[in-house]
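Coordinate analysis (summary)
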Amino acid sequence: MANVGIIMRRELRSYFATPLAYVFILIFLVLANLFAFKFGNLYERGQADLQPFFWFHPWLYLFLIPALSMRLWAEERKSGSIELLMTLPVTLWQAVLGKYFAAWVFTGIALALTFPIWITVNYLGSPDNGVILAAYIGSLLLAGGFLSVGSCMSALTRNQVIAFILGVVVSFVLLLAGYPAVLDWFSSWLPQTIVDAIASLSFQRHFDSISKGVIDIRDILYFAMLIGLFLVATAITLDVRKAE
Amino acid sequence: MIKTEHLSKRYETLTAVDDVSFEVQPGEVLGFLGPNGAGKTTTMRMLAGFITPTSGKASICGHDVETDTLAAKANLGYLPEGAPSYGEMTVRSFLEFIADLRQLRGEHRAKRLAYVIGRLQLERVLEQTIETLSKGFRRRVGLAQALIHDPPVLILDEPTDGLDPNQKHEVRTLINEMARDKIIVISTHILEEVEAVCSRAIIIARGRIVADDTPAALASQSRYHNAVSLRLEHSEQLAAARSAIAALPGVAEVEMSERDVRLTALPRAGASILTALNELATRQGLKLKELHLESGRLDEVFRTKTA
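All of the points below concern the structure found in this document. (Residues numbered from 1 in each chain as written. Chains lettered and ligands numbered in written order. Predicted model: local features only at pLDDT ≥ 70, side-chain atom pairs only at ≥ 80, totals over all residues.)

1. Regarding the packing of helix H1 (residues 2-17) of chain A against helix H3 (residues 91-101) of chain B
Note the following rule: To obtain an axis, a line is fitted to C-alpha atoms, over the contacting stretch when the element is a helix, and the angle between two such axes runs from 0 to 180 degrees between their N-to-C directions. Helix and strand labels come from DSSP, where a helix needs a run of H or I of at least four residues and a strand needs a run of E of at least two; each type is numbered from the N terminus. Any angle that falls under 35 degrees is termed roughly parallel, while one over 145 is termed roughly antiparallel, one within 65 to 115 roughly perpendicular, and all others oblique. Here a crossing is called left-handed whenever its near helix is offset anticlockwise from the far helix by less than a right angle, and right-handed whenever the offset is clockwise. Residue pairs are scored as contacts if the distance between their C-beta atoms, which are placed from the backbone, is within 7 Å. Only Asp, Glu, Lys and Arg are considered charged, only Ala, Val, Leu, Ile, Met, Phe, Trp, Tyr, Cys and Pro nonpolar, and every remaining residue, Gly among them, polar.
Packing of H1(A) against H3(B) leaves a shortest axis separation of 10 Å and a crossing angle of 165°. Relative to H3(B), the element H1(A) is oriented roughly antiparallel. Considering only the axes of H1(A) and H3(B), their crossing is left-handed. Contacts between H1(A) and H3(B) pair Asn3(A), Ile6(A), Arg10(A) and Arg13(A) from the former with Ser93(B), Phe97(B), Asp100(B) and Leu101(B) from the latter. Counted by class, the contact of H1(A) with H3(B) contains three nonpolar, two polar and three charged residues.

Laid out in structure tokens, this is it:
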């Protein structure tokens, strides 16, 4: 477990050693606020909540998270540092988890830096802060889900651009699976049970229910299993392809 | 001890390492020689636990690299080919990171860090990021990383690649110093390096071991073993001297180089020709600038074995 921490700290420091961290956080904050106020009409709605702010998180993450996760393994393989890491006395799992948690903590930092919008709604009215906290937890879980997909895509290739595109495409599929328009199309030719199964695979549905303030163990389990699944896939991919 | 038994690595269309077995004991410095693509790096990667053998076994200090991986890795200091590292880190934070993963703690950690930094002369670049360093410095950072936990076994893939002659000398001195109580395996294609540091050399070609002996014994397989090389004062004596030497009974062949006015007489198998040549030179009144007995040329053995 100590090794996971050591690898995680190294990764996190690396984010901040390059402009990547600052650019990412800046773009995330600007877009998150822009979407909330401009398209979500956060202010004009006249309601003291952050729903319009969280609405856009899945779409923000769709592009921003793969941009963050694309380097996770592709860069290690490209530069050859994976050979160094894998010949140190660490297990493959410690490396996979250390790097994944670093990225997750980093998105957590970016998310936490949106706190002025929370202060704003509390200043303007009296929102239900329990719901807001739940939505933040939901958003963090959502980011973790996107990141696990991105980690796996990054392990597949040594090319970061390919890792980015794969990450966006797979995340997009997982996101869209919950949209009514997509589900309607499926239900026109598939039995309802399969349509429900597809819907239950979606990021969107589970995120929606948490961000409304309902923390259901099934939603938490969904994200835990999704993350676990993609991290196992990352480890298997690396085990097979690390030396290529 | 390093031990490999019938170690092989096959890819779909290619056998990179083919049934390689050897043992290395403490105190030995093993030079791994071979043309590019012969399987040196693949063998080292299997020993380091980075790639899995298709068949066969390898162990480091009794720990199987596949089943007891962490213990094997803990006993090993490894410099991968090209000395990869994390370019955005400073030398100091990189070495601290390695020290942490190597479980070095407290005073011991500080001492080991100070030792490798001093030994590889990294003080000047400690706060620089690794990507801004020259090739030579990066290689030294890679070596520092491999030495930091004072491992009983060192596997170094081309440790002096990219270093200038002074740095090469420095690294060879370091290897010689550590050789007494460690097992060291280096790969190189610089043959003078083998003679300078290795107590044993394995030549590998197309994935197979084609020679395994001391550098001196390998060199003695050369046709230049016991050859006599002489340099003349006057180039006009060259042609006459050549025919006179060729006529000597023990001489198989004479090579002539007009550029540095040199003749090299190759002996027939087992013959000793130094005395005869010396006498001939006196008799013919040849003015010699230099006369010496060759012990054999490793590069020639290398070419013959790997052709």
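Read on, since the account is not over.
2. Looking at the interface of chain B and chain A
Residue-level contacts link 21 residues of chain B with 18 residues of chain A. If you list the elements that add at least two residues to the side of chain B that touches chain A, you get helix H2 (69-74) and H3 of chain B. Sorting elements by how many residues they give to the side of chain B that touches chain A places H3(B) first, with four residues. Tallied by class, the residues present in the side of chain B that touches chain A amount to twelve nonpolar, five polar and four charged.

3. Quick word on the sheet that holds strand S14 (residues 288-293) of chain B
Residues and elements named next belong to chain B. What counts here: At least two DSSP bridges between two strands are required for those strands to pair.
Strand order in the open sheet formed by four strands is S12-S13-S11-S14, with antiparallel pairing between adjacent strands. If you trace the sheet from one side to the other, it starts and ends with strand S12 (251-257) and S14, each paired once. This sheet shows a mean twist of 15° between the axes of neighbouring strands, independent of strand direction. Pairing of strand S11 (residues 228-232) with S14 involves five bridges; the strand directions are antiparallel. Opposite leucine 230, over in S14, you have leucine 291 as the bridge partner. Contacts from helix H9 (residues 238-246) reach S11, S12 and strand S13 (262-267) within the one sheet, and its direction differs from that of S12 by about 165°.

4. Quick notes on the sheet that holds strand S5 (residues 63-64) of chain B
Residue and element names in this part refer to chain B. Spatially, the four strands line up as an open sheet ordered S2-S1-S4-S5, and their pairing is antiparallel. Of all strands in the sheet, those bounded by a partner on one side alone are strand S2 (15-24) and S5. Note that strand S1 (residues 2-10) and strand S4 (residues 55-60) share five bridges and pair antiparallel. Its bridge partner being in S4, serine 8 is matched across the sheet by serine 55.

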